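# Coordinate inspection notes
For reference, the chains in residue letters:
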Amino acid sequence: MVAPLPFPESLCHRCAHLRVVESGKGSVFLMCQEPSLPKYGPQPVRACRAFSAK
Ligand code: SF4
């Protein structure tokens, strides 16, 4: 079963830098691939200087 995406309200879901990571135990994490930002910053993101629309 696919876990529901965390923080559906997060801006990250509309961003090209987002990678959704699933752990072996089925937990789902939002990972930012923008090099100047933390990979796992606080969620939900409401505004981001590095946002890039998908
Ligand atoms: S660049 Fe910003 S909006 Fe995009 S995935 Fe990273 S934290 Fe989220």
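Residues numbered from 1 in each chain as written. Predicted model: local features only at pLDDT ≥ 70, side-chain atom pairs only at ≥ 80, totals over all residues. Heavy atoms only, no water.

## Let's talk about the site of the ligand
Which entries qualify depends on this criterion: Residues are counted as near a molecule or strand when any one of their heavy atoms sits within 4 Å of it. Classification used: nonpolar for Ala, Val, Leu, Ile, Met, Phe, Trp, Tyr, Cys and Pro, charged for Asp, Glu, Lys and Arg, polar for all others including Gly.
In the neighbourhood of the ligand, the contacting residues comprise C12, C15, H17, L18, C32, E34, L37, C48 and A50. Taken together, the residues that form the shell around the ligand break down as seven nonpolar, one polar and one charged.

## Some thoughts on the environment of S52
Convention followed: Helix numbering and strand numbering both begin at the N terminus, where a helix is a DSSP run of H or I of at least 4 residues and a strand a DSSP run of E of at least 2. Burial classes: relative accessible area under 20% of the type maximum marks a residue as buried, over 50% as exposed, and values in between as partly exposed (1.4 Å probe, protein chains only). A contact between two residues is defined here by any heavy atoms of the two lying within 4.5 Å.
Relative to the helices and strands, S52 resides in the segment after β2 (28–32). In this structure S52 comes out as partly exposed when scored by relative accessible area, which is 30%. With 18 residues separating them in the primary sequence, S52 and E34 have C-alpha atoms 9.7 Å apart. When near neighbours in sequence (up to four residues on either side) are disregarded, S52 contacts R14, C15, A16 and H17.

## A short note on unusual backbone geometry
Q43 connects to P44 through a cis peptide bond whose omega is -5°. With respect to the element layout, P44 can be found in the segment after β2. The backbone of F7 sits at a positive phi, close to 50°, despite the residue not being glycine. The residue F7 is located in the segment before β1 (18–22) in this model.

## Focus: the side chain of H13
We count it as follows: Pairing of N or O atoms within 3.5 Å defines a polar contact, subject to two protein rules: one partner must be a possible hydrogen donor and the other a possible acceptor, and residues neighboring in sequence count only if both atoms are side-chain atoms.
Within the secondary structure layout, H13 lies in the segment before β1. Polar contacts involving the side chain of H13 include one to the main-chain carbonyl oxygen of F7, which spans 3.0 Å. If near-sequence neighbours (up to four positions away) are discounted, H13 is found in contact with L5, P6, F7, P8, L18, L30 and K54.

Functional significance is not addressed by these values, which are geometric in nature.
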